[in-house]
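Overview (structure and organization)
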Amino acid sequence: EFIQVSDNVNSNLKCLTCNKTCKSCSSLTVCLMCNPGFYLDGRLKTCVETCPDRYYANSQTATCDACVYPCLTCYSVIQCKQCYFGFLDTKTLGCSSQCPDGTYGNLEIGNCTNCTDGGYHCRSCLNSPDKCLSCDALQPYLLNYKCYAACHDGYSGQDGQCTPCSPECRTCAA
């Protein structure tokens, strides 16, 4: 695409080519529309391959559109990649201060991470997959935040918990 500009000396008009990423422009540095594969960054009036943080590439309009708070980065206006605060729910792609049941707030990556990750057999957990609050069917008994297939000597399994036997008993039944 070309634009007409004055040479400012004799007021002669001449045609100049827009930047190679621009489909149309109003000056050499201001793009109005982008070529395929590029998105218009409305703040800078330039065409970019990747939109900056807090913006996402809108393929419908070929523009960089703002993410909606509380998204720090996003896939679309309603789907977050990262959150300003709280944790990213990887199922809904929304941000929350509390993660859904069966997940915990992973501070290292800022996501709600499944309690089943890590092989500890947790159904629900406390801040990490190795601190179980309840257990899966393969290892259904909980003792000191760990899941077991059966309770150790000196404990009996009841309601998903390993509870201590009376002091005088080595083994006991629920």
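All of these numbers come straight from a predicted model, not from anything done at the bench.

Focus: the overall build of the chain
Of regular secondary structure, the chain possesses 0 helices and 20 strands. In terms of overall dimensions, the chain is more spread out than a globule: its C-alpha atoms have a radius of gyration of 29 Å, far above the 16 Å expected for 174 residues. The principal-axis extent of the C-alpha atoms belonging to the chain is close to 110 × 25 × 20 Å. Evaluated residue by residue, the chain yields a buried proportion of 30% over its 174 residues. Taking the intrachain contacts of the chain between residues at least 6 apart in sequence as the baseline, contacts between residues at least 24 apart amount to 7%.

Brief notes about the confidence of the model for the chain
Put simply, the chain has an average pLDDT of 88, and 91% of its residues get 70 or more. Here strand 1 (residues 2–6) stands out as the least confident element of the chain, with mean pLDDT 46; strand 5 (residues 39–41) is the most confident, with 97.

A word on the state of the cysteines
Under the criterion given, the structure shown has 12 disulfides. Two residues share a disulfide in this structure: Cys-22 and Cys-31, whose sulfurs sit 1.5 Å from each other. The pair formed by Cys-22 and Cys-31 is uniform in burial state, with each residue classed as buried. Residue pairing for Cys-135: its cysteine sulfur links by disulfide to Cys-147, the two sulfurs lying 2.1 Å apart. Torsion about the S-S bond of the Cys-135 and Cys-147 cystine: about -90 degrees, corresponding to left-handed handedness.

A closer look at the side chain of Ser-128
Take Ser-128: it is sitting in the loop between strand 15 (122–125) and strand 16 (132–135). For Ser-128, a relative accessible area of 17% puts it in the buried group. A polar contact of 2.3 Å, which involves the side chain of Ser-128, links it to the side chain of Asp-130.

Things to note about the pattern of salt bridges
Applying the stated criterion across every chain yields a total of 1 salt bridge. With a closest N to O distance of 3.2 Å, Arg-43 and Asp-41 form a salt bridge. With relative accessibility at 49%, the residue Arg-43 sits in the partly exposed group. Accessibility expressed as a relative area gives 3% for Asp-41, which makes it buried.

Reading the values: the criteria
Residues numbered from 1 in each chain as written. Predicted model: local features only at pLDDT ≥ 70, side-chain atom pairs only at ≥ 80, totals over all residues. Heavy atoms only, no water. Helix = DSSP H or I, 4+ residues; strand = E, 2+ residues; numbered from the N terminus. Rg over C-alpha atoms; globule rule 2.2 N^0.38 Å. Buried < 20%, exposed > 50% of the residue type's maximum accessible area, 1.4 Å probe, protein only. Contact = heavy atoms within 4.5 Å. pLDDT = per-residue confidence, 0-100. Disulfide = S-S within 2.5 Å. Polar contact = N/O pair within 3.5 Å; in protein donor to acceptor, adjacent residues only side chain to side chain. Salt bridge = Lys/Arg side-chain N within 4 Å of Asp/Glu carboxyl O.

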